[in-house]
Amino acid sequence: MTAISTQKAPAAIGPYSQAIQAGNLIFASGQIPINPLTGNIVEGGIKEQTHQALANVKAVLEATGLSLSNVVKTTVFLADINDFAEVNAIYGTYFTEPYPARSAVSVKALPKGALIEIEVIAEV
């Protein structure tokens with residue numbers, strides 16, 4: 001296993017890696033909408049937070065030489081499932097066919113009061 005880290009995405013806020021490569025798979029930890037330059041959740045609502053979470057995912061993948069086109073599975077955690085339609089519309093602008101498999105779940109709360117968290121598995 002190899003740990004993956006980049007300063008272009010938020011640093012881990014606990015005892016975990018931004019991502020781990022195991023064989024030909026990259027397991028990226030969930031990315032919340034923290035601006036890596038400020039260390040704060042981006043201002044705005046679910047739209048702004050979705051874009052930032054996906055930008056953070058993209059930055060972690062780019063640290064391995066990959067892109068969103070290498071993603072085979074995503075999990076989207078939402079603080080409010082009513083945000084799903086708006087998130088889905090934005091999500092669709094980041095991925096192309098064949099789209100990765102995806103799960104979307106509503107959770108009671110996310111770290112730092114985030115509205116969304118996205119984790120991915122990508123293939124090298």
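Residues numbered from 1 in each chain as written. Predicted model: local features only at pLDDT ≥ 70, side-chain atom pairs only at ≥ 80, totals over all residues. Heavy atoms only, no water.

Novice: Just give me the short version of unusual backbone geometry, but keep the residues and values in it.
Specialist: For the bond running from Glu97 to Pro98, omega is -5°, close enough to zero to count as cis. By secondary structure assignment, the location of Pro98 is in the loop between helix 2 (84–94) and strand 7 (101–106). Phi at Lys112 takes a positive value of approximately 60°, unusual for a residue other than glycine. Mapping Lys112 onto the fold places it in the loop between strand 7 and strand 8 (116–123). (Helix = DSSP H or I, 4+ residues; strand = E, 2+ residues; numbered from the N terminus.)

Novice: Mind laying out the nonpolar core, listing which residues take part and the relevant values?
Specialist: Among the nonpolar cores identified, the biggest contains 25 residues, and Ile26, Leu61, Val71, Val76, Ile116, Ile118 and Val120 are the most heavily contacted of them. Counting residues per element, the ones that place at least two in this core are strand 3 (25–31), helix 1 (46–62), strand 6 (71–78), helix 2 and strand 8. With residues up to four places along the chain from it excluded, the contact list for Ile118 reads Ser29, Gly30, Gln31, Ala53, Leu54, Val57, Thr75 and Val76. Core analysis: the next-biggest nonpolar cluster, separate from the first, contains five residues, Ile32, Ile34, Phe77 and Ala114 among them. (Core = buried A, V, L, I, M, F, W, Y, C linked by side-chain atoms within 4.5 Å. Buried < 20%, exposed > 50% of the residue type's maximum accessible area, 1.4 Å probe, protein only. Contact = heavy atoms within 4.5 Å.)

Novice: I'd love a proper account of helix 2, names of residues and values included.
Specialist: When we look at burial in helix 2, the residues that qualify are Val87, Ile90 and Tyr91. Relative to the axis of helix 2, the buried residues are bounded by an arc of 105° and lie together on one face. Residues of helix 2 that are exposed and point more than 90 degrees away from the buried face comprise Ala85, Ala89 and Thr93. Buried positions along helix 2 lie against helix 1, strand 6, strand 7 and strand 8. (Arc of directions from axis to C-beta.)

Novice: Can you lay out the sheet that holds strand 6 for me, pointing to particular residues and giving the numbers?
Specialist: Spatially, six strands are ordered 1-2-3-8-6-7 in an open sheet, and the strand pairing comes out mixed. Looking along the sheet, the strands with just one partner apiece sit at the ends: strand 1 (2–4) and strand 7. This sheet shows a mean twist of 15° between the axes of neighbouring strands, independent of strand direction. Two elements, strand 1 and strand 2 (residues 19–22), share three bridges in a ladder whose sense is antiparallel. Bridged to Ile4 within strand 2 is Ala19. With respect to the sheet, helix 1 is in contact with strand 1, strand 2, strand 3, strand 6 and strand 8, its orientation differing from that of strand 8 by roughly 30°. The strands touched by helix 2 are strand 6, strand 7 and strand 8; relative to strand 6, the strand with the most contacts, the crossing angle is about 150°. (Pairing = 2+ DSSP bridges. Axes fitted to C-alpha atoms, helices over the stretch in contact; angles between N-to-C directions.)

Novice: Can you explain the environment of Leu110? Please cite residues and give values.
Specialist: Of note, Leu110 is situated in the loop between strand 7 and strand 8. The class for Leu110 is buried, based on a relative accessible area of 11%. Among residues more than four places away in sequence, those in contact with Leu110 are Phe77, Ala79, Leu115, Ile116 and Glu117.

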